[in-house]
Amino acid sequence: RGGRSGQASRSVFVGNIPYNATEEQLEDVFRAVGQVVSFRLVKNADTGQPKGFGFCEFRDAQTAESAIRNLNNTEMNGRLLRIDYASNIGEGKDRDRGGG
């Protein structure tokens, strides 16, 4: 059964990430709301420098919803993290689609 109001997403977009933050530090922040499956910090393909955003995947959609509700505008190294459903951002719009 379950409601079918759009597909509940387990992934969230995380924006405004400080450039000196590591994936491990970010996972620690998101573990406050539940089990993190993975965190991917998006980096520039040429320089390897973080682009200031990433994606966090949780064990279930309820945890992702909790992260958006409770962690949006959390301060990290002087910046406020911006958190929303990954599906609202359109991950596929990245122009540099080059393979690893």
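Look up: the structure comes first, before these words.
Residues numbered from 1 in each chain as written. Predicted model: local features only at pLDDT ≥ 70, side-chain atom pairs only at ≥ 80, totals over all residues. Heavy atoms only, no water.

What about the environment of Gly-15?
Part 1 of the reasoning: Its place among the elements puts Gly-15 in strand β1 (residues 11-15).
Part 2 of the reasoning: In sequence terms Gly-15 and Arg-79 are 64 residues apart; their C-alpha atoms lie 10.0 Å from each other.
Part 3 of the reasoning: Discounting chain neighbours no more than four positions away, the residues touching Gly-15 are Gly-52, Phe-53, Leu-80, Leu-81 and Arg-82. (Helix = DSSP H or I, 4+ residues; strand = E, 2+ residues; numbered from the N terminus. Contact = heavy atoms within 4.5 Å.)

Re the packing of aromatic side chains
Part 1 of the reasoning: Enumeration over the complete set of coordinates arrives at 5 aromatic pairs.
Part 2 of the reasoning: Centre to centre, the rings of Phe-13 and Phe-55 are 5.7 Å apart; their planes meet at 70°, and the pair counts as edge-to-face. Within this pair, whereas Phe-13 is found in strand β1, its partner Phe-55 is found in strand β3 (residues 50-58), the two being separated by 42 residues in sequence.
Part 3 of the reasoning: What makes Phe-55 buried here is its relative accessible area of 9%.
Part 4 of the reasoning: Linked through ring pairs, Phe-13, Phe-53 and Phe-55 together constitute an aromatic cluster. (Phe/Tyr/Trp six-rings, centres within 6.5 Å; stacked < 30°, edge-to-face > 60°. Buried < 20%, exposed > 50% of the residue type's maximum accessible area, 1.4 Å probe, protein only.)

Observations concerning the sheet that holds β1
Sheet strands line up and pair through hydrogen bonds in the backbone, either parallel or antiparallel.
Part 1 of the reasoning: As summarised here, the arrangement of the 4 strands in space is β2-β3-β1-β6, forming an open sheet in which the pairing is antiparallel. In this open sheet, the two strands that pair with only one neighbour each are β2 (36-43) and β6 (82-85). Along the sheet, successive strands turn relative to each other by an average axial angle of 25°, direction set aside.
Part 2 of the reasoning: Where β1 lies against β6, 4 bridges are found, and the strand directions are antiparallel. (Pairing = 2+ DSSP bridges. Axes fitted to C-alpha atoms, helices over the stretch in contact; angles between N-to-C directions.)

Notes on the nonpolar core
Part 1 of the reasoning: Counting residues in each nonpolar core, the largest one holds 18 residues, and the members touching the most others are Val-12, Val-14 and Phe-30.
Part 2 of the reasoning: Among the elements of the structure, β1, α1 (23-31), β2, β3 and α2 (61-71) are those that each provide at least two residues to this core.
Part 3 of the reasoning: Among the elements that line this core, the one with the most residues is α2, at 4 residues. (Core = buried A, V, L, I, M, F, W, Y, C linked by side-chain atoms within 4.5 Å.)

Comments concerning the environment of Val-29
Part 1 of the reasoning: Relative to the assigned elements, Val-29 resides in helix α1.
Part 2 of the reasoning: The spatial distance from the C-alpha of Val-29 to the C-alpha of Leu-71 is 8.3 Å, given a sequence separation of 42 residues.
Part 3 of the reasoning: Once residues lying within four places of it in the same chain are set aside, the contact partners of Val-29 are Leu-71, Met-76 and Leu-81.

Don't take any of this as a statement about function, it's just geometry.
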